[in-house]
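Structure at a glance
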Amino acid sequence: MLSNNPSAFANLILEALGVRDLFSCIYGPQELNFVQKPARNAFAALKPFLSDGKRVVFIDDELENIKVAKDIGCVTVLVGDKHSAADRRIANFWISSLN
């Protein structure tokens, strides 16, 4: 997981949702020298997970983050109704919400 929130907070949320075991790593600002999405440097943490035919699914509600993630090779899911039809087509997939 790549989050602009502290990794400890992200970990608590994932545990509360019962999905923590689906994520091998959690990267927050403190693990990334306080570089945050959508800065390309923040996404460098995902590159090792994109090797050897592995796939990374990147889910976000910000189009700029989706663009960078797709550019580095992630499968992208754009979340939210605020996006235009053209913006939705940039991502590999679009969903209206996570509910």
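All figures in this text were calculated on a predicted structure; none of them were measured in a lab.

The rules behind each value
- For every chain, the first residue of its written sequence is number 1, and the numbers climb from 1 along that sequence.
- This being a predicted model, a pLDDT of at least 70 is required before a residue's local features are given, and a value of 80 or more before pairs of side-chain atoms are given or counted; all residues contribute to the totals for chains, interfaces and linings.
- Working from all heavy atoms in the structure, the side-chain values ignore hydrogens and water.
- DSSP calls a pair of strands paired once it identifies at least 2 bridges connecting them.
- The secondary structure listing takes helices from DSSP runs of H or I that are at least 4 residues long and strands from runs of E that are at least 2 residues long, numbered from the N terminus.
- Axes here mean lines fitted to C-alpha atoms, for a helix over just the part in contact, with angles spanning 0 to 180 degrees between N-to-C directions.
- Should any heavy atoms of two residues lie within 4.5 Å, those residues are considered in contact.
- For this analysis, a nonpolar core means a set of buried residues of the types Ala, Val, Leu, Ile, Met, Phe, Trp, Tyr and Cys, connected via side-chain atoms within 4.5 Å.
- Each residue's exposure class comes from its accessible area (1.4 Å probe, protein chains only) as a fraction of the maximum for that residue type: buried when under 20%, exposed when over 50%, partly exposed otherwise.
- A pairing counts as a salt bridge when a side-chain nitrogen of Lys or Arg comes within 4 Å of a carboxyl oxygen of Asp or Glu.

1. Comments concerning the sheet that holds strand S2 (residues 75-79)
With parallel pairing, three strands are arranged side by side in an open sheet as S1-S2-S3. Edge positions in the sheet fall to strand S1 (57-60) and strand S3 (93-95), since each of these pairs with one other strand and no more. Looking at each pair of strands side by side, their axes are set apart by 20 degrees on average, direction ignored. Taken together, the four bridges between S1 and S2 define a ladder with parallel strand orientation. Across the sheet, the residue bridging to Asp60 is Leu78, located in S2. Helix H3 (residues 63-71) rests against S1 and S2 of the sheet, and its axis sits at about 170 degrees to S2.

2. With respect to the nonpolar core
Among the nonpolar cores identified, the biggest contains 18 residues, and Leu2, Leu32, Phe43, Leu46, Phe58, Ile72 and Cys74 are the most heavily contacted of them. Among the secondary structure elements, those contributing two or more residues to this core are helix H2 (40-43) and H3. Ranked by residues supplied to this core, first place goes to H3 with four residues. Not counting the four nearest positions on each side in its chain, Leu2 is found in contact with Tyr27, Leu32, Lys37, Ala42, Phe43, Leu46 and Phe58.

3. Thoughts on the environment of Val35
Structurally, the position occupied by Val35 is in the loop between helix H1 (7-17) and H2. The spatial distance from the C-alpha of Val35 to the C-alpha of Asn4 is 8.6 Å, given a sequence separation of 31 residues. Excluding residues within four positions of it along the chain, Val35 makes contact with Pro29, Asn41 and Ala42.

4. Concerning the pattern of salt bridges
Using the criterion set out here, one finds four salt bridges in the structure. Between Lys37 and Asp60 there is a salt bridge, with the nearest N and O atoms lying 3.0 Å from each other. Linking Lys37 in the loop between H1 and H2 with Asp60 in strand S1, this pair joins segments that are 23 residues apart in sequence. Among the ionic pairs, Arg40 bridges to Asp71, the shortest N-O distance being 2.0 Å. Highlighted residues: Arg40 in helix H2 and Asp71 in helix H3, separated in sequence by 31 residues.

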